[in-house]
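The residues making up each chain are set out below.
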Amino acid sequence: MHEIAFYLFAGLTLLCGLLVVANPFSRNPVTSAMFLVLCIVSLAGLFVLLHAFFLAAVQVLVYAGAVMVLFLFVIMLLDIKEEERRKLRPIGLGCGILAVGAIGAILARAYWYYSPKNLAGPVLEGSTAPLGQVLFKHFLLPFEIMSLLLLVAMVGVILLSKKDLR
Amino acid sequence: MILELAVIAVALGILLVDLWTPAARKVQLGYLAIAALFAILIGSFFIEAGPNRHAFGGSYTLDPLALFFKQFFIVAAIFVLLISISFADRIAVGISEFYSILLFALSGMMFAASANDFIMVFVSLELITVSFYILTSFQRSRLKSVEAGVKYLIVGGVASAFMVYGIALIFGMAQTTNFDAVFAAANKFYSKPLFIIGVVLVIAGLAFKIAAFPLQIWAPDVYQGSPAPVTAFLAVGSKSAGFVLLLRMLFSAVPEAVFDWSQVIIVIAALTILYGNLCAIPQRNLKRLLGYSSISNAGYLLLGVAAASAAGSSAVLYYLGGYLFTVIAAFTVISILTRQADDEDISIVAGLHRRSPLLAASLALAMISLAGIPPLAGFFGKFLLLKSIVERSASDSRFLVLIIITLFGVVTSFYYYLGVVRAIYWSKVVPDYSEIPLPLTARLSLYLCIAAILFLGIFPNSLVNMANAAVASLRF
Amino acid sequence: MKVGLEHYLIVSALLFCIGLFGVIARRNLLIIYMSLELMLNAANLTFVALSRFTNNINGQVMVFFIITVAAAEVAVGLALIVALYRKRQTTHVEDLTTMKL
Amino acid sequence: MEQLENSAWIVLLLPLFSAVVITLFTRRSGRVSALISIAAVLGAFLITLGLIPLVRQSGFVKVPPLNWISVGDFRIELGLLLDRLSMLMLIVVTGVASLIHIYSYAYMKGDPAFSRYFASLSLFTFSMLGIVLSNNFFQMFIFWELVGISSYLLIGFWHGKASAANAAKKAFLANRIGDFGFLLGIIIIWTLLGSVNFDHVEQRLITNPAALGAFAGLVGLLIFCGALGKSAQFPLHVWLPDAMEGPTPVSALIHAATMVAAGIYMLCRTFFIYQASSAWPEFLSFMNGITALEIIAWSGGITALLAALIAVQQNDIKRIPAYSTLSQLGYMTMAVGLGGTSAAMYHLTTHAFFKAMLFLGAGSVIHAMHHEQDIWRMGGLKKKMPLTYWTFLLGTLALAGVPPLSGFYSKDAILAKAYEQHTGFFILGLIVAVLTTFYMARLFIIAFLGNGRSNSAAHAHESPRLMTVPLLVLAVPTVLAGFFGLESYLSKDASHAHGGGINELLFGPINHAPFAALGGILAVVFGLFLAAGLYLNANRDPLPLKARGLARTLRNRFYIDEIYGELIDLTQGTLARLADWFDRWIISGLLVRGVHGTTEFAGRALRLAQTGNLQTYAFLLAAGIALLLLLVFKP
Amino acid sequence: MSILTYILGFPLLAALAIAFIPRNYRFLIRLVSLSAGALSLLSAIAMFVHFQTGAAGYQFVEKRVWVEALRISYHVGVDGLNVGLVLMAAIVAFAAICAAYEIKEREKEFYLLLMIMISGVIGTFASLDLFFFFFFHELALIPTFIMIGVWGRGEEKNYATFNITLYLSLGGLIALIGLIALYLQSGANSFDIVEITTHLQNTPLPEAAQKFIFPFLLLGFGILVSLWPFHTWAPLGYGAAPTATAMLHAGVLKKFGLYGLLRIAIPLLPQAASFWLDIVAWLCLGNILYCGLVAVRQKDLNLLVGNSSVAHMGFVFLGIASLSIVGVTGAVVIMVAHGLLAALSFALSGYLYNQTGTFSMERMGGLMQRMPFVGAVLIMCMMAGCGLPGFANFVGEAMALFGSWDKYKLITSLAVWGGLVIGAVYMLKAIRSIMHGPMPEDLPATFDAGPVRKIPFALLITALLLFGIFPRLLTDKIEPSAKGILAMTKSKPVAVAPLK
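When you go through chain A residue by residue, the secondary structure sums to six helices and zero strands. Mapped from its N terminus to its C terminus, chain A presents α and β elements in the order α-α-α-α-α-α. Buried positions account for 45% of the 166 residues belonging to chain A. Look at the contacts in chain A between residues 6 or more apart in sequence, and 64% of them connect residues 24 or more apart.

This paragraph deals with the interface of chain A and chain C. Each partner contributes to the interface: chain A provides 84 residues, whereas chain C provides 72 residues. Of all residues in chain A, Val21, Leu50 and Leu124 of chain A bury the most surface against chain C, accounting for 10% of the area lost on that side. Counting every contact that joins chain A to chain C gives zero salt bridges. At the surface where chain A touches chain C, the tally comes to seven residue pairs in polar contact (both at pLDDT 80 or more). When grouped by side-chain class, the residues that make up the side of chain A that touches chain C number 59 nonpolar, 13 polar and twelve charged.

All names here are of chain B. Together, Leu16, Val17, Leu19, Trp20 and Leu32 make up an exposed nonpolar region whose accessible area comes to about 560 Å². With four residues, the single largest contributor to the nonpolar patch is helix α1 (residues 2–20). Structurally, the position occupied by Leu16 is in helix α1. Owing to a relative accessible area of 47%, Leu16 belongs among the partly exposed residues under this scheme.

So, on to the packing of aromatic side chains. Scanning the model with the defined rule gives 104 aromatic pairs over all chains in all. Each ring, one from Trp68 of chain D and one from Phe138 of chain D, has its centre 6.3 Å from the other, and the planes form 45°; the classification is tilted. With Trp68 of chain D in strand β1 (residues 60–71) and Phe138 of chain D in helix α5 (residues 137–155), this residue pair connects regions lying 70 residues apart in the sequence. A relative accessible area of 11% places Trp68 of chain D in the buried class. A relative accessible area of 1% means that Phe138 of chain D is categorised as buried. A cation over a ring is seen here: Lys409 of chain E above Trp405 of chain E, with NZ or CZ 4.8 Å from the ring centre. The ring of Phe373 of chain E carries Lys454 of chain E above its face, with NZ or CZ at 4.8 Å from the centroid.

The biggest cluster of nonpolar side chains holds 796 residues, and the ones touching the most others in it are Phe380 and Phe383 of chain B, Phe137 of chain D together with Met383 and Phe402 of chain E. Discounting chain neighbours no more than four positions away, the residues touching Phe383 of chain B are Leu70, Ile72, Phe131, Leu176, Ile180 and Phe191 of chain E.

Attention shifts here to the state of the cysteines. Counted under the stated rule, the structure contains zero disulfides over all chains. Just so you know, Cys95 of chain A is unpaired, no disulfide at all, and the nearest cysteine sulfur is the one on Cys17 of chain C, 16 Å from it.

So, about the packing of helix α10 (residues 228–253) of chain B against helix α13 (residues 310–340) of chain B. Relative placement of two packed helices is described by the angle separating their axes and the distance separating the axes. All names here are of chain B. Interaxial distance between α10 and α13 falls to 8 Å at its minimum, and their mutual angle equals 170°. Here α13 runs roughly antiparallel to α10, going by the angle between their axes. Only Ser313, Val316, Leu317, Leu320, Tyr323, Leu324, Val327, Ile328, Phe331 and Ser335 of α13 make contact with α10, whose side of the interface consists of Ala228, Thr231, Ala232, Ala235, Val236, Lys239, Ser240, Phe243, Leu247 and Phe251. A per-class count over the contact of α10 with α13 returns 15 nonpolar, four polar and one charged.

For the bond from Phe213 of chain B to Pro214 of chain B, the omega torsion is 0°, close enough to zero to count as cis. For Pro214 of chain B, the location among the structural elements is in the loop between α8 (193–210) and α9 (219–225). A cis amide bond links Phe234 of chain D with the next residue in sequence, Pro235 of chain D, at an omega value of 10°. With respect to the secondary-structure elements, Pro235 of chain D resides in the loop between α8 (216–230) and α9 (239–242).

Residue and element names in this part refer to chain E. In terms of burial, strand β2 (residues 72–78) is a largely internal element, seven of the seven residues being buried. Side chains of β2 alternate between two faces, with Ile72, Tyr74, Val76 and Val78 and Ser73, His75 and Gly77 buried alike. Between strand β1 (residues 59–67) and the antiparallel strand that follows it, β2, lie four residues; Arg71 among them carries a positive phi value of about 55°.

Below, the discussion takes up the confidence of the model for chain A. The predicted coordinates should not be examined in detail at positions where pLDDT is low. Here chain A shows a mean pLDDT of 84. Residues at 70 or above account for 90%. In the model of chain A, helix α4 (residues 90–114) of chain A stands out as the element of lowest mean pLDDT, 84, in contrast to helix α6 (residues 140–161) of chain A, which has the highest, 91.

What counts, and where the lines are drawn
- Numbers given for residues are sequential positions, taken from 1 along each chain in its written order.
- Each chain takes a letter, starting from A, and each ligand takes a number, starting from 1, following the order in which they are written.
- Local features in a predicted model are, by the rule used here, given only for residues with pLDDT of at least 70; side-chain atom pairs are given and counted only at 80 or more, and totals for whole chains, interfaces and linings are based on all residues.
- Only hydrogens and water are set aside when side-chain values are computed; all heavy atoms of the structure are taken into account.
- Comment: elements are numbered from the N terminus, with helices defined as DSSP H or I runs of at least four residues and strands as E runs of at least two.
- Buried, partly exposed and exposed residues are distinguished by accessible area as a fraction of the type maximum, computed with a 1.4 Å probe on protein chains only: under 20%, between the cut-offs, and over 50%, respectively.
- Contacts are assigned to residue pairs with any non-hydrogen atoms lying within 4.5 Å of each other.
- The buried area of a pairing is the accessible area, by a 1.4 Å probe, that goes missing from both parts when the two are put together, added over both.
- The term salt bridge refers to a pairing of a side-chain nitrogen on Lys or Arg with a carboxyl oxygen on Asp or Glu at a separation within 4 Å.
- We define a polar contact as two N or O atoms separated by no more than 3.5 Å, with the added condition that, inside protein, one atom must be a possible hydrogen donor and the other a possible acceptor, whereas residues neighbouring each other in sequence contribute only through side-chain atom pairs.
- Following the grouping adopted for this structure description, the nonpolar residues are Ala, Val, Leu, Ile, Met, Phe, Trp, Tyr, Cys and Pro, the charged ones are Asp, Glu, Lys and Arg, and the polar ones are all others, Gly among them.
- Residues enter a patch when their relative accessible area is above 30% and they make no salt bridge; the linking distance is 9 Å between like charges and 5 Å between nonpolar side chains (Val, Leu, Ile, Met, Phe, Trp, Tyr).
- Each accessible area is a Shrake-Rupley result for a 1.4 Å probe, and residues are judged covered by the shown protein chains and nothing else.
- Pairing of aromatic rings covers Phe, Tyr and the six-membered ring of Trp, with a centre-to-centre limit of 6.5 Å; geometry is then stacked below 30 degrees between planes, edge-to-face above 60, and tilted otherwise.
- A positively charged side chain is recorded as over a ring if its NZ (Lys) or CZ (Arg) lies within 6 Å of the ring centre. The angle to the ring normal must also be within 35 degrees.
- Nonpolar cores are built from buried Ala, Val, Leu, Ile, Met, Phe, Trp, Tyr and Cys residues. Side-chain atoms within 4.5 Å join them into one set.
- The disulfide criterion is simple: two cysteine sulfur atoms within 2.5 Å.
- All axes here are fitted lines through C-alpha atoms, helices being fitted over the stretch that makes contact, and every angle between N-to-C directions spans 0 to 180 degrees.
- Orientation labels follow simple angle bins: below 35 degrees gives roughly parallel, above 145 gives roughly antiparallel, 65 to 115 gives roughly perpendicular, and whatever is left gives oblique.
- Strands were regarded as paired on the criterion that DSSP finds at least two bridges between them.
- Values of pLDDT, ranging from 0 to 100, describe the predictor's confidence in every residue of the model.

And the structure:
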């Protein structure tokens, strides 16, 4: 059951991820955005499999709910058409694949052979209470910095996107 | 902690006061900020720092290193604010927001100076980075500024993705994110590939901040596009924040004994030096030139890191101290010059010695100090850095190669730094000889910088002692 | 085959690479941005998996922060893209080469 | 006594003092300068005369030296060496110099650089006295060089004239080539023997003749190089004829009487090193069996013959005596090479007097002819300038070696030595004697006898008294020097001295080596008749018609100057061009500019990566990270 | 305070004062500079006179801790080796200030830079601390750069400026690496030369360490002294430099590398030195013969002088390489003598350039008639340059040659040729084409030096003659110090000590 769910969600995540960046049928940003939503939701599924229920919820809420809406909003606002099919540079693409492939190969190989085997196993139950405890005790400072970050982002976004120039 | 809180309070205060300040006087909020920062700076000298002063479960530390950098950042911010005040007329919207975001970035840097936990590293870095995304594109009526912002954003995003990924790996192996705990667990994951990959990815993420290989490529574009005060702050503050994090991570979480990361740093340093110096040779845009120069300086600074010794780290601190004033002086001049001519080509400095001897002397001194020639601060910094790697070279021939590359880089850098000096003092074509009016703030900033460059070059003793004391809490 | 830590990690690695590839290959800033989100999400998956298998909640805290940062970055990024679009009527990176060499 | 010895220092320093005073203070006033200079050299001469008894008594006076440099083993003590040899030379130098100073006062009158002339002349006198009085190799080298520079200054006195400037340069360079050997020789002597003092070196060589080891022969040759340059011996003889571009009194002083004799003097002074073994270092092993002295003798012989031949076809009233000087110096060198140092010194002394007289006579003629030097434009000067005529005649005869003039005795001494040592040299000597008589007679006949061939010859008149008096004074030793048996004065063992009376003095040569004396006299007679037959009443030189090629070759000095020109151009010139080319194109071009260009090119190439396109950036940073990962993790 | 501090302090004070004098007070600026130079010179003469010949150790010492953490101290003092050099530097400095008379625009900057350069130049030779030794040398780098750039002449000025600056900085940096390595390896934990020397006398460096450090020092110093084949910067740079700069640089600053070799590299790293000096001896032929021949071909007076100055450096290298007391003493004498000579040569060529407007010797000629004083000085200068006795150069060169024949027979023989013959060829050529012969018609009106402008020439030529006629003024002082250095080269290292 766990295995089936894993392969389902994992496959879906990867497929959707791929369709975000390299959709052979559509180069429309909206399509990409929709697949990103799908990708994120299936990722949330993986989170659930890993018993990180709170994070799964946050993932769906923040990403699928807020971030993606923002994306779509901007796409609509700017009325961006389908990405023009400009000439692909095969050398550039090849190099890109090579570089990415190298990183991917290194990571995958390292994971496959060197993942820690002597761990406790899938034990952590990601219930919300301990998470909150750690967050507000141990990591209160980063949490507060996050609030600053959001403030800065807010101020910045207003400044950058306000239409009239005072 | 009180220092950061004070800075944040000032930043918030400015945002608030802005509401009741008439538009014409908003620029003067800068003086308020400077006064406040100055008070904080003075206050910082009464704060006691010690190796065991931790907070929040060890994720925040206030050791001498942290305090040193906090003071460093405050000084940098004061100077950047000084430049900003005279730069204000070129910012279309929200000068007070500009100030406050600067201050938020400052607080991020100050948090970074104290970060003792990978989560803190990430969070404080993001605070700095996001602030800079905004600052960089603050002149949004200029396409270049926005373009710089976008580039900074994308490259920064990739960098933080890599860093986060690296942190994840380190976390997985060490089962903790706290530096001290990672260090304590060092034996457990000794030479585990995943851990090593994690560390390399974090180094890469920090390389973005310090503009070093492999994430140096944004620097010239962003330096060119950003408003001059922001570029100055990027060059001084952001880079130093990267270095304090690098030093702290490498020397308190992952000492060299865990794995031989010096190989990585050596390669990064060598490539950074080569890239920065070589690319700068044909460069004619002043700000872009300083962008490349910033890359090469990151390379020199990495020498001190690569040396993996107390001498090396204190050399990094000293060098940054000199670099601060040098870069500020250069950008003060550039920000004034670019106001005069809406052009950043090197030819705008032609005849500067007639138009404004002070500007000419400041820029020339800055360039000479960057080139590392006595009796200026840059020389002593380079001297210390070289000393730290020569120390290693006797037993390790990789450092010998590094020395040779460094020498090559330094000599190459003479070419373009002195090219600026030449442009100032003996250009063939001088477009005009009109005098350049100097705002008082700029004058003040230049005098202070010149004094500091000379002082640090001629009497390095005090800063050396401070730097030595500051690095004492690191583990080598 | 029993699904273990390495499976999750490999999925994350692949997702990360897909994201990275998107950044490299795509020209539209918005899609590049989405690819960046993919990369961050890959990191998230790593954290969650490692957190579960090492019995350490700190990983989840980190994910929490990453999601927040991603949101903030997206906000700023999109604002920038809007500002850019207003100036230049484009979201293509190839058009962003006024500064080079 | 002590003061008397130290007065040698005064002899040496008086001319220097005069030179310095003139240079610093009296540059503006020529008369004062001249008087100072003349007074100084006369003073030196008088003190020298006063010193004679001192040397006569003890034979060898050592003046306490000054410690000039003392570093490790390198101790240079400037000292004065007064013995018979240097005393003789001292008399010659101060004596001739005094006369020439006086002569110059008249000859150079009206020259704008009168003071400079006398300053240079004083400097020269000082340097020459320095050579004479030196007690060690190093000091001698110092004055050797100073003589070189003062001769340079005097030859190039009329430096506005290109030919004079070139001649000065040539003289200095030729001397420098010789000095190269001289200095190297001194260096080797010092390195091997640890001292440069003449007496120390001599002592060391006496106690251990093999002290110089394999370098003995080489050292001898190297030291001889110095003489080669200064005494203008083949192959470094080319500068001397050109040096006649200088004022005539200078030619008389430097290039006839004193400086060119310095080489001979030096060889005699350092003769002890030739008595050591003549071994050669390995790379010169083909020289084994040949002694340095043989080479010296051959060099002298060749010079004597060559110069005499060339003199036969010269038409310049100064160049003929100049080549004659070369030839006579060759004689002396040959004598040294054959071991006859006293003969050489003997000839040197007599030659100094009569050659100076000849030059001064020539100067008088030139002065009278308004600087006309071509003998074919003279003639009939006998009546116009009787004093000059008679003294010139005396000099010619002395040079030719007509008994009982001094030249006969000294030349005979050399011929006798040659006869005793080596028949080849004897025959060579005889041929040169014939030629000497021939060319001098030719000069004399053309210039003084017959009728005037030009306007200036017709209007010539006798020179002023200040010029003729020195001529007359010089005539005295020309006639008498032979009678004093200077040769014996020189030899160190007193037993060799003449015991006999006037008879022995006059006919000594014939008694000792009758064949040599006879041969000498016959050569003179033969030469005289040849010249008289060809040139009496001749208006043009008949020789070029009779032996066209030979004459042209002679007139062109065997093309030696041209050959040297080509040779120098071929060697040093080519090397210099090569070095310059290499410097310009390889070192500063290919290497320096190459490194510079490559760096700049690398920069321009590398920054192409900075395309401004984010896609490129993303790719590059991914590749960079991949590189770093590969560095630490090898899959 | 030591008199040395005064000697190098006066110019620095003058520089400071000039910085505050308004730029149109030209006379005052000149006066301040001249009086600072004169005070320096007088102090230097006083120091030279009061120097106790043969006394052990250093004299006129002053030591102040500067950076305690690194044990860097401001430490000045003289022994026989550098007392002459300091005096020579002060003489040349004063002459250079006089020669700066030719500068007619932006005097303030020029004199300011000149004074900084002078104090750097003097400080270099007075320093007894590795750091300051280097520091003072580099202090002169930027003034040199700007002075050549702004007040320099010739078409290739820009290239020459950068060429010389980059070359010198490269040499300086390489030497710096060597100095740092020496500091680190010596174990004395101090930059103080005296302390390092005493420490290494007791515990010499292991051979491996010496072999590591010496090449850096040799290469760095070699570049700075224009050792063949790293010499091309010198003629080019000096050719473009204004007179005063060329005088100071060619005369004094260039001796930095030689002094460094003698004071530091050779006594402290004797084993490595004995290996490398054989190579240096061969390279010095590159200077003496090769650069001499290059000089022969030059048509530009400044290039000729520049190349000849490079050629002269060969004798110093030869003397040093001989490692004999005579050779080393001779080398130091040449350093002093050549300093004066080079300064004089450049002063003369600068004067001629000012008068004729050209450096091309083909366009000059017969100037002796117009300028007897300058002509006489030029002839004396050229003669000193080809080693005429009476001038200090002869003493030095002769001693270097005497000292080295035993060790390098062929090289010395060739060097004698280079010194006596090749040197004479180009020097005479210069005299011939500038001073002698007929005067070209298109030459502008030229004048002999007036009384004021005679001062630098007279000063330098007097000094040359003084040391040439009374060489013991120098040699007696040098010998004991040179002996000390040579004694150190005989010391043997500890058998096999591992590297730190």
